[in-house]
Amino acid sequence: MNLLNLIRWKNLLMITVVQLLVKYALFPAFAMDLTLSPLNFFLLIIATLAIAAGGYIINDIYDIETDTINKPNKVIVGKKITESSANKLYILFTFIGVCIGFYLSHKVGRPPFFGLFVIIAAALYVYASYLKQIAVAGNIIVSILVALSLLIVGIFELIPAMTIENETVQSTMLEILTDFAIFAFLINFIREIVKDIQDVDGDHKVGMQTLPILFGKARTSKVTMGLTLITIAIIIYYITTFLYMHVAAIAYFLITVVGPLIYIAIKMFTAETNNHFKHISFMLKIVMITGMLSMALYRIIL
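One numbering rule holds for all chains: residues counted from 1, following each sequence as written. Where local features are concerned, this predicted model is filtered to residues with pLDDT of at least 70; where side-chain atom pairs are given and counted, the filter is 80 or more; whole-chain, interface and lining totals use all residues. The side-chain quantities take in all heavy atoms of the structure and omit both hydrogens and water.

**Q** I'd like a description of a nonpolar patch on the surface, backed by residues and values.
**A** Patches here are clusters of residues that have more than 30% relative accessible area and form no salt bridge, with a 9 Å joining cutoff for like charges and a 5 Å cutoff for nonpolar side chains (Val, Leu, Ile, Met, Phe, Trp, Tyr). In short, Shrake-Rupley with a 1.4 Å probe defines the accessible areas, and a residue's cover is counted only from the protein chains shown. The salt bridge criterion pairs a side-chain nitrogen of Lys or Arg with a carboxyl oxygen of Asp or Glu, the two atoms within 4 Å. On the surface, M1, L4, W9, L13, V17, F282, I286, I289 and L293 cluster together to form a nonpolar patch covering roughly 800 Å² of accessible area. Counting from the N terminus, the helices are DSSP H or I runs at least four residues long and the strands are E runs at least two residues long. Where the nonpolar patch is concerned, the elements lending two or more residues are helix 2 (9-29) and helix 13 (274-293). With respect to the helices and strands, the residue W9 is situated in helix 2. Classification of W9 by relative accessible area gives partly exposed; the value is 33%. Each residue's exposure class comes from its accessible area (1.4 Å probe, protein chains only) as a fraction of the maximum for that residue type: buried when under 20%, exposed when over 50%, partly exposed otherwise.

**Q** For the packing of helix 3 (residues 38-62) against helix 5 (residues 83-107), give the residues involved together with the corresponding values.
**A** The axes are straight lines fitted to the C-alpha atoms, using for helices just the contacting stretch, and the angles between their N-to-C directions are given from 0 to 180°. At a minimum axis separation of 8 Å, helix 3 and helix 5 run at an interaxial angle of 150°. Here helix 3 is positioned roughly antiparallel relative to helix 5, judged by the angle of their axes. In this structure, helix 3 crosses over helix 5, and the sense of that crossing is left-handed. Class assignment of the residues belonging to the contact of helix 3 with helix 5 gives a composition of 19 nonpolar, six polar and two charged. To sort the angles, those under 35 degrees are grouped as roughly parallel, those over 145 as roughly antiparallel, those from 65 to 115 as roughly perpendicular, and the leftovers as oblique. Handedness of a helix crossing follows the sense of rotation of the near helix relative to the far helix, less than a right angle counterclockwise being left-handed and clockwise being right-handed. Only Asp, Glu, Lys and Arg are considered charged, only Ala, Val, Leu, Ile, Met, Phe, Trp, Tyr, Cys and Pro nonpolar, and every remaining residue, Gly among them, polar.

**Q** Explain the packing of aromatic side chains to me, and be specific about the residues and the numbers.
**A** When two rings of Phe, Tyr or Trp (its six-membered ring) have centres within 6.5 Å they constitute a pair, described as stacked for plane angles under 30 degrees, edge-to-face for angles over 60, and tilted for the intermediate range. Under the counting rule described, the total for this entry stands at 11 aromatic pairs. When the centroid spacing of 6.0 Å and the interplanar angle of 80° are considered together, the rings of Y62 and Y125 count as edge-to-face. Within this pair, whereas Y62 is found in helix 3, its partner Y125 is found in helix 6 (residues 114-129), the two being separated by 63 residues in sequence. When the ring of F113 is compared with that of F156, the centres are 5.3 Å apart and the planes differ by 65°; the resulting orientation is edge-to-face. Of this pair, F113 sits in the loop between helix 5 and helix 6 while F156 sits in helix 7 (residues 137-157), and the two are 43 residues apart along the sequence. When its relative accessible area of 0% is taken as the criterion, F156 is described as buried. Joined through ring pairs, the aromatic side chains of F30, F180 and Y298 make up one cluster. Only when the NZ atom of a Lys or the CZ atom of an Arg is both within 6 Å of the ring centre and within 35 degrees of the ring normal do we say a charge sits over the ring. The ring of F41 carries K23 above its face, with NZ or CZ at 5.3 Å from the centroid. Across from the ring centre of F269, 5.5 Å away, lies the NZ or CZ of K222, which sits over that ring.

**Q** Explain helix 11 (residues 217-242) to me, using residue names and the numbers behind them.
**A** To estimate how far a helix should reach, multiply one less than its number of residues by 1.5 Å. The first and last C-alpha atoms of helix 11 sit 37 Å apart over 26 residues, in line with the 38 Å expected at 1.5 Å per residue. Among the residues of helix 11, T220, S221, T224, M225, T228, T231, I232, I235, Y238 and I239 are the ones counted as buried. Here, two residues are considered to be in contact whenever any of their heavy atoms come within 4.5 Å of each other. Summarising the contacts, the buried residues of helix 11 are in contact with helix 8 (167-198), helix 10 (211-215), helix 12 (247-270), helix 13 and helix 14 (297-301).

**Q** Break down the nonpolar core for me, with residues and values.
**A** Side-chain atoms within 4.5 Å link the members of a nonpolar core, which is a set of buried Ala, Val, Leu, Ile, Met, Phe, Trp, Tyr and Cys residues. Of all hydrophobic cores here, the largest spans 90 residues; its most connected members are L44, I57, F156, L261, L284 and M295. Non-local contacts of L284, meaning those with residues more than four positions away in its chain, are made with I187, I190, R191, V194, L261, I264 and M268.

Put into structure tokens, the structure is as follows:
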């Protein structure tokens, strides 16, 4: 159980569900030409999860001091799993993910795709060891990596199967998938800043330069509220531009995504305590889930 908590099994489960939705809900709705067999797609999921798990482990290794202050009851590395063992697990998971990525890249006839796995693994290490201490930069990097967990399915499934005849359709599908990736980026970026507000005490004591430390909790909270309002505007634009003929889809987005985001924006305006920001962080995770589940709508409305 300690290992499962260390690799954030709930987050890994969410990544798995989202990738399955892309493969078995979003793509079939548009009758896309795909590349990966069920076995190779399973390997793509394993590669993604292994590298992500390694990222969580190395992050915890570098966060031992801050986590001891911010969330002492949840510290695993150094208490329930030794730092040496954690380092070995990090290397093992990352090695497995990169090796599978190497195999899949050659399997689909696109060896350069292997570089994606190397870049993602390296970015997770640089984030944990250095960029996390820099205001906004770390938040952006980790949010880009979250978005890539969606895009990598399109990269491996759609691009190798692209021909002159289906290029327009395949490219359009990549654009739709990119829209979902942008949504994931925005929600995760806001949530990362909210988590920085929660962790401001421990981060300050170890000399980190996060946004709440530089601007203060109150101002940073207003920044996240502004980012949430911008996200709401983008979603409403998307709905009115692309989904205006589908009442069910409009209702779904308004009830499960836009409504909760408006609630979150209001809460950010009044939030003061860590419990308030913890609740906001939880609600953002819920919005992320409901937003990703909307992929299943395309099987209904098309």
